[in-house]
Amino acid sequence: MTDITKEKHMNFKEIAAYSLGLFGFQAIVGLLNSYQAEFDSSILGADIAVVGILILIAKIVSAVFDPIVGNMIDRSKSKNAKFKSMIAYSILPLLVFTAVIFLKVPFTGIGLYIWIFVTYLIWSLAMTLGDVPSQGIASVLTPNPTERTNVVSISNTFKQVGFSACVVIVPVVCLIIKGGSQVFGFEGETDTPMIASEYFWTAILTAVLGCALFALIPLCNKERVPYQPAEKTSFKDMISALKDNKPLMLVIVSYFLGFGRQMAMGIQVQAANALLGSQNLVAVLGIVTAVGSMISMAVCPILIKKLDEKKVYLIMSFYGFAASVFSFVIGHFWFLNPDNMVLTILFYASLFLIGLQFGAVTLMPMIMTADCVDYYEYETGKRMEGAAYSVLTLTIKVCLALGTALGLVFIQFSGYQEAIAESTVVFTTKTKDIVFFAYTVMPGILALLSTIPMFKYDIVGDKKAMISTELAARRAKSGE
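Residues numbered from 1 in each chain as written. Predicted model: local features only at pLDDT ≥ 70, side-chain atom pairs only at ≥ 80, totals over all residues. Heavy atoms only, no water.

Peer 1: Please set out the overall build of the protein residue by residue, giving values where relevant.
Peer 2: Scanning the protein from terminus to terminus reveals 24 helices and zero strands. Taken over 480 residues, the protein has a buried fraction of 59%. For the protein, restricting intrachain contacts to residue pairs at least 6 apart in sequence, the fraction spanning at least 24 positions comes to 85%. Element-wise, carbon and sulfur atoms account for 69% of the exposed surface of the protein, whose accessible area totals about 19,100 Å². (Helix = DSSP H or I, 4+ residues; strand = E, 2+ residues; numbered from the N terminus. Buried < 20%, exposed > 50% of the residue type's maximum accessible area, 1.4 Å probe, protein only. Contact = heavy atoms within 4.5 Å. Areas by Shrake-Rupley, 256 points an atom, 1.4 Å probe, with all protein chains shown as cover.)

Structure below.
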């Protein structure tokens, strides 16, 4: 038999389409994750801590939809392929509600909070409809596990850049629509850093661009790994299948324990305002970390070849804790001596160092889940990509919501809103320390906790190679 790890199935066009598709989708997700709470607070007048709780509740409620989508994928008999058809269904509602969330509405009090919750819940359902299949399709793009790892690495680098794209798009829109508060009758003070129309037009631009790129995935990619649609798959069957997939459960538990590893993205706007003096400087704060994150994901496949997924995950997680604590210490002294050039350089360098850990949280779960799907097929003869990736995407969304909610609680208790309410916005060192603790140390502590289940994960090395080879032999024997 030909060595399956030597065969190439995907061309440059497909890899580029999948990568750009994830970039576009995550640009939308990143916009809401970074700016929705600030919009609801500064433009609509909502309490920022309550917004964080509403986002969390909406995520948990919408999480019920993840296994439904996973079930639909596993039972699909679509002629347009099971993952691609589901992605296509998600594009229109995602486009519309990304813009709707950033409308300046006249509601106040309970009515305002109902509006925020309902619109975000509908957006979350649309996002799930696209998120589960766009993640799950990685497991069927190629039967070659080595090629799959490389494709996931490349695409998730684009995904990470897309998630951070809003920190560039928003300031650009602010420059283009100067004094745009009168556009479409929106009202607002022209001297505020962000006004209603700027949020709205940013949302329109991001939604159109993001959905156009996201559409490239069903248009250009091919699902190559064969599957038999499940005739009747109940939720009980799905739970049982996932319960029997011990490696996948370890991945999921690990992700939950590290739920706040990316909480910095949820409070990045507030952090830029408190630490750097302007929310429009969020690009500076985000790009420095994003560069480190991109390097991390580019290096991951090389590290995996030399070590394995488990060891790389553990190393990056321990490193992430150390880098986060180091950054906080540097930041504390920089807040006391902001004119010190050495501390200024060390502050930004430490943010770059934090970014080097993010391959563990953004890339490794994707690779491991694909391997767990293969493991389940090896053990049972059944593939359940939809079930596996619906659980993963559910976990990711709930963890992002938990992280954002926790971060906003820190923001609430830091004195951030009181400082914003002052005519001269001055943030105390105490406020900066609390905000930066939430931005660095808390994610670091949770990164450390996430390593506990990973010590038992074993789909690596010879065992992973044996599973891939055996599955290839079975498919060849069956004539698929």
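Peer 1: Residue-level account of the nonpolar core, with values.
Peer 2: Phe102, Trp123 and Tyr457 are the most contacted members of the largest nonpolar core, which totals 124 residues. With eleven residues, helix 1 (residues 12–42) is the largest single contributor of residues to this core. (Core = buried A, V, L, I, M, F, W, Y, C linked by side-chain atoms within 4.5 Å.)

Peer 1: Before we move on, can you summarise the packing of helix 5 (residues 109–136) against helix 19 (residues 385–414) with the specific residues and values?
Peer 2: Where helix 5 meets helix 19, the closest approach of the two axes is 9 Å, and the angle between their N-to-C directions is 130 degrees. Relative to helix 19, the element helix 5 is oriented oblique. The interaxial crossing formed by helix 5 with helix 19 has right-handed handedness. Along its contact with helix 5, which presents Ser124, Met127, Thr128, Asp131, Val132, Gln135 and Gly136, the element helix 19 presents Gly386, Tyr389, Ser390, Thr393 and Lys397. (Axes fitted to C-alpha atoms, helices over the stretch in contact; angles between N-to-C directions. Parallel < 35°, antiparallel > 145°, perpendicular 65-115°, else oblique. Left-handed = near helix turned anticlockwise from the far one by under 90°.)

Peer 1: Please give an account of the packing of aromatic side chains that cites residues and values.
Peer 2: Describing an aromatic ring pair means giving the distance of the ring centres and the angle of the ring planes. Tallied over the entire structure, the rule returns 20 aromatic pairs. Between Phe107 and Trp115 the ring centres are 5.7 Å apart and the planes differ by 55 degrees, which places this aromatic pair in the tilted class. On the numbers, 5.6 Å between centres and 80 degrees between planes, the contact of Phe335 with Phe436 is edge-to-face. Taken as a pair, Phe335 in helix 15 (residues 309–336) and Phe436 in helix 21 (residues 429–439) lie far apart in primary sequence, 101 residues in all. (Phe/Tyr/Trp six-rings, centres within 6.5 Å; stacked < 30°, edge-to-face > 60°.)

Peer 1: Can you tell me about the pattern of salt bridges, naming the residues and giving the values?
Peer 2: What the rule picks out here adds up to six salt bridges. With a closest N to O distance of 3.0 Å, Lys463 and Asp458 form a salt bridge. Its relative accessible area of 35% is what places Asp458 among the partly exposed residues. Residue Arg474 is joined to Glu470 by a salt bridge in which the shortest nitrogen-to-oxygen separation is 3.1 Å. (Salt bridge = Lys/Arg side-chain N within 4 Å of Asp/Glu carboxyl O.)

Peer 1: Tell me about the environment of Tyr375, and please be specific about residues and values.
Peer 2: Looking at the element boundaries, Tyr375 is found in helix 18 (residues 364–380). Sequence spacing of Tyr375 and Lys246 is 129 residues, and the spatial spacing of their C-alpha atoms is 9.7 Å. Those residues in contact with Tyr375, other than ones at most four positions away along the chain, are Asn245, Pro247, Ile459 and Ile467.

Scope: geometric values only; no functional claims are made or implied.
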